[in-house]
Number of protein chains: 2
Amino acid sequence: MEKSIFYHAGCPVCLSAEHDIVNLIGSDNVELVHIGKDRSRILEAEKAGVQSVPALLTPNGNVLHINFGASIADVKG
Amino acid sequence: MEKSIFYHAGCPVCLSAEHDIVNLIGSDNVELVHIGKDRSRILEAEKAGVQSVPALLTPNGNVLHINFGASIADVKG
């Protein structure tokens, strides 16, 4: 299976969701991307349809927005 | 691993998320509950902390609210 990508911004709700996602689907199956630190990935996330973080981009291209941490606009600042 | 529980209300965004979740964690690892039809489960969902559907209750008791389909209040009508 191709990897999913978990986009987050280091906020508490992001980290809590990250732990749950890693527990559920396994750390080998998901790449963790901190778009607050790795800002070069913000555009990629936006193009994939990520509107807020934390969000999980599935291997088939769907975006699951999980809870509500921060909007992409907020992360861009 | 104990099962997760995916609460939904049959809305299109719910069904899309359901397919993604089943693909990611496997149908054996998640119970699917349609609280629009199985209304006896609404109170259980509320007690678990579900505020909107679709939502995934993880085995450790955390609730991941996924996207935004319908509030519990809307499902109760």
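Residues numbered from 1 in each chain as written. Chains lettered and ligands numbered in written order. Predicted model: local features only at pLDDT ≥ 70, side-chain atom pairs only at ≥ 80, totals over all residues. Heavy atoms only, no water.

The name given to chain A in an unreviewed UniProt entry is Thioredoxin family protein, with Aquiflexum gelatinilyticum as the source organism.

A. Spotlight on the relation of the copies chain B and chain A. It takes a turn of 180° to lay chain B on chain A, together with a shift of 0.0 Å along the axis; the resulting RMSD is 0.0 Å. Read as a symmetry element, the transformation amounts to a two-fold axis. Nearest to the rotation axis, the C-alpha of Ile 66 of chain B is located 2.3 Å from it, this being the minimum over chain B. (Least-squares fit on C-alpha atoms with pLDDT ≥ 70 in both.)

B. Expanded view of the interface of chain B and chain A. The partner chain A presents 19 residues to the 19 residues of chain B that form the contact. Between chain B and chain A lies a buried interface of about 1,400 Å² when both sides are counted; carbon and sulfur atoms form 57% of it. Taken as a group, Asp 20, Leu 24 and Leu 64 of chain B account for 42% of the area that chain B buries against chain A, more than any other trio of residues on that side. The interface formed by chain B and chain A contains zero salt bridges. Linking chain B with chain A are four residue pairs in polar contact (both at pLDDT 80 or more), by the criterion used here. Among the secondary structure elements, those contributing two or more residues to the side of chain B that touches chain A are helix 1 (12–25) and strand 4 (63–71) of chain B. The element that contributes the greatest number of residues to the side of chain B that touches chain A is helix 1 of chain B, accounting for seven residues. The class makeup of the residues in the side of chain B that touches chain A is 10 nonpolar, eight polar and one charged. (Contact = heavy atoms within 4.5 Å. Buried area = accessible area lost by both parts, 1.4 Å probe. Salt bridge = Lys/Arg side-chain N within 4 Å of Asp/Glu carboxyl O. Polar contact = N/O pair within 3.5 Å; in protein donor to acceptor, adjacent residues only side chain to side chain. Helix = DSSP H or I, 4+ residues; strand = E, 2+ residues; numbered from the N terminus. Nonpolar A, V, L, I, M, F, W, Y, C, P; charged D, E, K, R; others polar.)

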